[in-house]
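Residues per chain are reported as follows:
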Amino acid sequence: MPSTPTTSIDLTDPDVVADPYPHFARERAAHPVAWHEPSQRWLAFDHASVSAIQRDRRLGRLWRDKEPAAYLEPFNLLHRNQMMENEPPEHTRLRRPVARAFARGHVERLRPRVGELAQELLAEVDPASFDVIGDYAEPLPVLVIAELLGVPTSYVPQLRQWSQAIVRMYEADPGPEVVDAAVAAAIDFAALVRELIGERRARPVDDLLSDLAATELSEDEMVASAVLLLNAGHEASVNVFGNGLTAMLRRGLRPGPDVARCVEEMLRFDSALQLFERTATEPVEVGGITVEQGQKIAVLLGSANRDPEVFADPDEFLVDRDPNDHVAFGVGVHFCLGAPLARMELTESLGALWSAFPSLHLTGEPTSRGTFVLRGFHSVPVGGT
């Protein structure tokens, strides 16, 4: 009987956090899936296994409240009631009320507004030196998702702060300060959304919060859905933009004629979301191993997106790569609902940036967020003159 493949990769190691891809390459060459004793779960490294795991309905998102449950109830409330932490039929029931807002036709109607916001933000920067994250990549998608849901723009700075505090809980070992900040953010975020939903029940307008308020979802489910959309609706765009643009500027690259194709390479090359976990509801064979019922398996999306079995020259950034079968938005039932919006925002904002500043370049070293699961930069200093 062959021995069980194991891995000792430390996903909190600063070297791994700084650049996980050489570590992934070594693991992927040794085994597609391996047991990770420190986290008591399987890790999947190759494209085939990562894709298969996300499509297998026997491997589901099964939420378990984080402990201590009483203290973390504000955080848990926002997760146990959201679509991303549930499987069908609950997932379907929670996803259906918001799916229409992210359909391609509706997203296309937002394109002119995204272009306007991009131009307004770029007109305010100092061409000689600005932070492309704080001055451009962050505010744009937050403004868009806030407008889509119907959250007043005066709350945009707080939305970003709350979101960052909550998503830091997804890292491997959040400390007490991270936990406290996440609980406080969850309380304040939920309170705002409850207030706005109450207003929409009394006076509906043309926004997604009004649509949610008119559904049969419970108030807790409405709040969880709105917070998920506000968080996920900009986190991916901000981090994909920062990661991809930094990779391009370090290599002296710029988008080709097809900006949308360049965006797909940004999504693939340095994935914003690196890890997504599933739990087996029955024994499942994948990548040469069996995930037993109750065991967890985490797909490493960034590793799958550098798999040489799927991508020629996977460690090269090719602005016109085609085909590009990346898994940055996931696959299967949990495929990212906001993918069409994120793709449109990234295409419009990247094109506008390079049109405004054809000689864009780094003026200093980008500052990493220092996180693994949600990979990105706090700041990327650039100049356009």
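Look up a bit, the structure's there.
Residues numbered from 1 in each chain as written. Predicted model: local features only at pLDDT ≥ 70, side-chain atom pairs only at ≥ 80, totals over all residues. Heavy atoms only, no water.

1. Quick word on the environment of leucine 192
- Note that leucine 192 resides in helix α10 (residues 176–202).
- The exposure class of leucine 192 is buried, given its relative accessible area of 6%.
- On a C-alpha basis, the gap between leucine 192 and arginine 278 in space is 31 Å, while along the polypeptide they are 86 residues apart.
- If near-sequence neighbours (up to four positions away) are discounted, leucine 192 is found in contact with Val151, Tyr155, Leu159 and Trp162. (Helix = DSSP H or I, 4+ residues; strand = E, 2+ residues; numbered from the N terminus. Buried < 20%, exposed > 50% of the residue type's maximum accessible area, 1.4 Å probe, protein only. Contact = heavy atoms within 4.5 Å.)

2. Points about the packing of aromatic side chains
- A full pass over the atoms with the stated rule returns nine aromatic pairs.
- One aromatic cluster is present, built from ring pairs that chain together Tyr21, Phe24 and Phe372.
- Over the ring of phenylalanine 276 we find arginine 61; its NZ or CZ atom is 4.0 Å from the centre of that ring.
- One cation-aromatic arrangement involves arginine 306 over phenylalanine 269; the distance from NZ or CZ to the ring centre is 4.1 Å. (Phe/Tyr/Trp six-rings, centres within 6.5 Å; stacked < 30°, edge-to-face > 60°. Lys NZ or Arg CZ within 6 Å of the ring centre and 35° of its normal.)

3. Focus: the sheet that holds strand β12 (residues 381–383)
- Overall, antiparallel pairing links the three strands, which are arranged β4-β12-β9 in an open sheet. If you trace the sheet from one side to the other, it starts and ends with β4 (130–131) and β9 (361–362), each paired once.
- As defined by bridge partners, β4 adjoins β12 across two bridges and the pair is classed as antiparallel. Pairing of phenylalanine 130 across the sheet is with valine 382, part of β12. (Pairing = 2+ DSSP bridges.)

4. Regarding the side chain of asparagine 305
- Relative to the helices and strands, asparagine 305 is located in the loop between α14 (301–304) and α15 (339–356).
- Polar side-chain contacts of asparagine 305 include one of 2.9 Å to the side chain of serine 271.
- Those residues in contact with asparagine 305 that sit more than four places away from it in its chain are Leu267, Arg268, Ser271, Phe311, His326, Val327 and Ala328. (Polar contact = N/O pair within 3.5 Å; in protein donor to acceptor, adjacent residues only side chain to side chain.)

5. A look at the sheet that holds strand β3 (residues 59–60)
- An order of β1-β2-β8-β5-β3 is seen for the five strands of this open sheet, with the pairing classed as mixed. On the outer flanks of this sheet lie β1 (33–36) and β3, each paired with one strand and no other.
- As defined by bridge partners, strand β2 (residues 41–44) adjoins strand β8 (residues 296–300) across three bridges and the pair is classed as parallel. Bridged to leucine 43 within β8 is alanine 298.

6. Examining unusual backbone geometry
- Of note, the bond from proline 88 into proline 89 is cis; its omega dihedral lies within 30 degrees of zero at 5 degrees.
- Secondary-structure assignment places proline 89 in the loop between α4 (73–80) and α5 (90–99).
- Cis geometry is found at the peptide bond from aspartate 322 to proline 323, where omega equals 5 degrees.
- Relative to the elements of secondary structure, proline 323 occurs in the loop between α14 and α15.
- The backbone of glutamine 40 sits at a positive phi, close to 55 degrees, despite the residue not being glycine.
- Within the secondary structure layout, glutamine 40 lies in the loop between β1 and β2.
- Residue classification places glutamine 40 among the partly exposed positions, given a relative accessible area of 44%.
- One non-glycine residue with positive phi stands out, namely aspartate 313, at about 45 degrees.
- One can find aspartate 313 in the loop between α14 and α15.
- For aspartate 313, a relative accessible area of 51% translates into the label exposed.

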